[in-house]
Amino acid sequence: MAKTKTKWVCQSCGYESFSYLGRCPDCNNFATFCEEVVQEPTAAKTNSASVILNVDLSAKKIKDIENDEKIRLKTDMQEFDRVLGGGFVAGSLVLLAGDPGIGKSTLILQTCKNLCSKKENKDPICALYICAEESPQQVKLRAQRLGVDAENLYVTNQNCLEEVIKQIDEIKPDFLVVDSIQAVYSSQITSSSGSVSQIRECTNILMHIAKQKNITTVIIGHVTKEGNIAGPKVLEHMVDCVINFEGDRYKSYRILRSIKNRFGTTSEVGVFNMEDDGLNEVLNPSELFLNPSDTSNCGCSIIATLEGTRVLLLEIQALTGSTPYPNPRRVARGIEYNRLLQILAVLEKRVGLNLSKQDVYINVIGGIDIIEPAADLGVALAVLSCARDIPLKNKTVMIGEVGLSGEIRAADNLEKRLKEAQKLGFEYAIIPKVNKNIAQKIEKLQIKTIQVTKLTDAIIQAFKQD
């Protein structure tokens, strides 16, 4: 009898080795290798994806390809549709990931409820929910709490992918949900469910089903303790859209963030509030993240940042204090750590603020991670306000990137930011003077703009009280 061949596969990145390794040389994670049996490709496995396809795959000229005008499925949830780029694209494969208990199943069950109430080509949309981790009775309990009682929503707890394909052929759904991809396995692979081989093969087959049968498919995935999406990195490359569902389990709001989207803008965010009846949309999240008090506190500044196409007004808090240690601490929550070090270096060199013996803590209220550099001015003024114990001008928003020479550089979509600030009652805005191309547009706004070229000019204007 021939000896069974095995291999060791990293469950984090999919790296393969002929022997066990304590540390993966690709992703540098420890104790992530699992032994899997090497199988020769058989006819059944080779044709596993082709048997489900019964469509014309011949090449066509791009001008001859017909596109349906109703190619997008609206979820009737503005926050979800914004993150998706206008709704689900028919035949797309979407990966929804998040921490355990964050509300992924709740969100997708509410989406099924809204979709099943719609009609496409005079026929109601049919949805199939594969609850691989729960029983149908458990899903029914959640559905009763959320008020989901659609007649054309089917639920099954099949784990075997081949049985799932039979259900798809029988029901012919327009919308498919797999909860979760880590719990689904293919009988053609000997490794256990959740392994790299199983996730890669099952996702590949589901991708073929979605594309060739025009079924909008959502697969729910787990995350690791570091917050990364569990499974091989190729999983994120195969899908059309990767969405992260984030939030603090001790707070009620949730943030839906688009990481990858082939049919829309990346870095879009949607904000929801978890309540007893499910997830409710927060249409104006700036009011959620801002301090309702009108008086300014020392070390606090307001910035207008862009998350995709949405403008968010966020509060940045800074805290400085003397330290008995030779190396002061620098803690940044919500902004990049190296970006904070650069801003502090500019403050010391160009402004003369000595922070060599002081700890500096930066926190962005709401748990939003700010990536764009237009928040630099708000961070710098917040640190200076706390260090000098002087509040900034009330009802003022800060917009601008701080250069290494202390200059205030231009920010994109400045008019859009100012309109959002004006809508929320802000009276002043410190902006870069280099944005001259929109001078006529911002003159029509009621908010008063203060244009500055240097960080020192911004400091004088920000601490100047009326």
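Small disclaimer: the values here were computed from a predicted structure and weren't measured.

## Some points on helix 6 (residues 196–213)
Its 18 residues give helix 6 an end-to-end C-alpha distance of 26 Å, which sits within 8% of 26 Å, the value for a rise of 1.5 Å per residue. For helix 6, every residue scored as buried is listed here: Val196, Ser197, Gln198, Ile199, Glu201, Cys202, Thr203, Ile205, Leu206, Met207, Ile209 and Ala210. Of the residues trailing helix 6, Asn214 is marked for its positive phi of about 55°.

## Notes on the packing of aromatic side chains
Think of a pair of aromatic rings as described by two things: how far the centres are apart, and how the planes are tilted against each other in angle. Under the definition given, this model contains six aromatic pairs. These aromatic residues form a ring-pair network of at least three members: Phe80, Phe88 and Phe175. Over the ring of Tyr428 we find Lys393; its NZ or CZ atom is 4.7 Å from the centre of that ring.

## Regarding the environment of Gly87
Mapped onto the elements of the fold, Gly87 is located in the loop between helix 2 (78–84) and strand 5 (88–89). Residue classification places Gly87 among the buried positions, given a relative accessible area of 1%. Along the primary structure Gly87 and Gly264 are separated by 177 residues, whereas in three dimensions their C-alpha atoms are 9.5 Å apart. Contact partners of Gly87, with chain neighbours within four places excluded, come to Arg72, Leu73 and Asp81.

## Some details on the confidence of the model for the protein chain
This prediction gives the protein chain a mean pLDDT of 86; 90% of its residues lie at or above 70. Taken together, the stretch residues 43–53 has pLDDT below 50 and engages in 13 contacts with residues farther than four places along the chain or on a different chain.

## Here's the deal with the sheet that holds strand 9 (residues 127–131)
One open sheet holds the nine strands; their spatial order is 10-9-11-12-6-13-14-15-16, and the pairing between them is mixed. Only two strands of the sheet have a single neighbouring strand rather than two, namely strand 10 (153–156) and strand 16 (278–281). Strand-to-strand twist in this sheet, taken as the mean axis angle between neighbours without regard to direction, amounts to 25°. In this sheet, strand 15 (residues 269–275) lies alongside strand 14 (residues 253–261) in antiparallel orientation, the contact comprising five bridges. Opposite Arg254, over in strand 15, you have Phe272 as the bridge partner. The strands that helix 3 (residues 104–116) touches are strand 6 (93–98), strand 9, strand 10, strand 11 (175–179), strand 12 (216–221), strand 13 (241–247), strand 14, strand 15 and strand 16; relative to strand 11, the one it contacts most, it runs at about 165°. On the sheet, helix 4 (residues 136–146) packs against strand 9, strand 10 and strand 16 and is oriented at approximately 125° with respect to strand 9.

## So, the packing of helix 10 (residues 376–388) against helix 13 (residues 455–462)
For the pair helix 10 and helix 13, interaxial distance at closest approach is 11 Å and the crossing angle is 60°. Looking at the two axes, helix 10 sits oblique to helix 13. Judged by the sense of rotation from one axis to the other, the crossing of helix 10 with helix 13 is right-handed. Counted together, Leu377, Ala380, Leu381 and Leu384 of helix 10 and Leu455, Ala458, Ile459 and Ala462 of helix 13 form the full contact between these two elements. Here the residues of the contact of helix 10 with helix 13 sort into eight nonpolar, no polar and no charged.

Reading guide: rules and limits
Residues numbered from 1 in each chain as written. Predicted model: local features only at pLDDT ≥ 70, side-chain atom pairs only at ≥ 80, totals over all residues. Heavy atoms only, no water. Helix = DSSP H or I, 4+ residues; strand = E, 2+ residues; numbered from the N terminus. Expected span 1.5 Å × (residues − 1). Buried < 20%, exposed > 50% of the residue type's maximum accessible area, 1.4 Å probe, protein only. Phe/Tyr/Trp six-rings, centres within 6.5 Å; stacked < 30°, edge-to-face > 60°. Lys NZ or Arg CZ within 6 Å of the ring centre and 35° of its normal. Contact = heavy atoms within 4.5 Å. pLDDT = per-residue confidence, 0-100. Pairing = 2+ DSSP bridges. Axes fitted to C-alpha atoms, helices over the stretch in contact; angles between N-to-C directions. Parallel < 35°, antiparallel > 145°, perpendicular 65-115°, else oblique. Left-handed = near helix turned anticlockwise from the far one by under 90°. Nonpolar A, V, L, I, M, F, W, Y, C, P; charged D, E, K, R; others polar.

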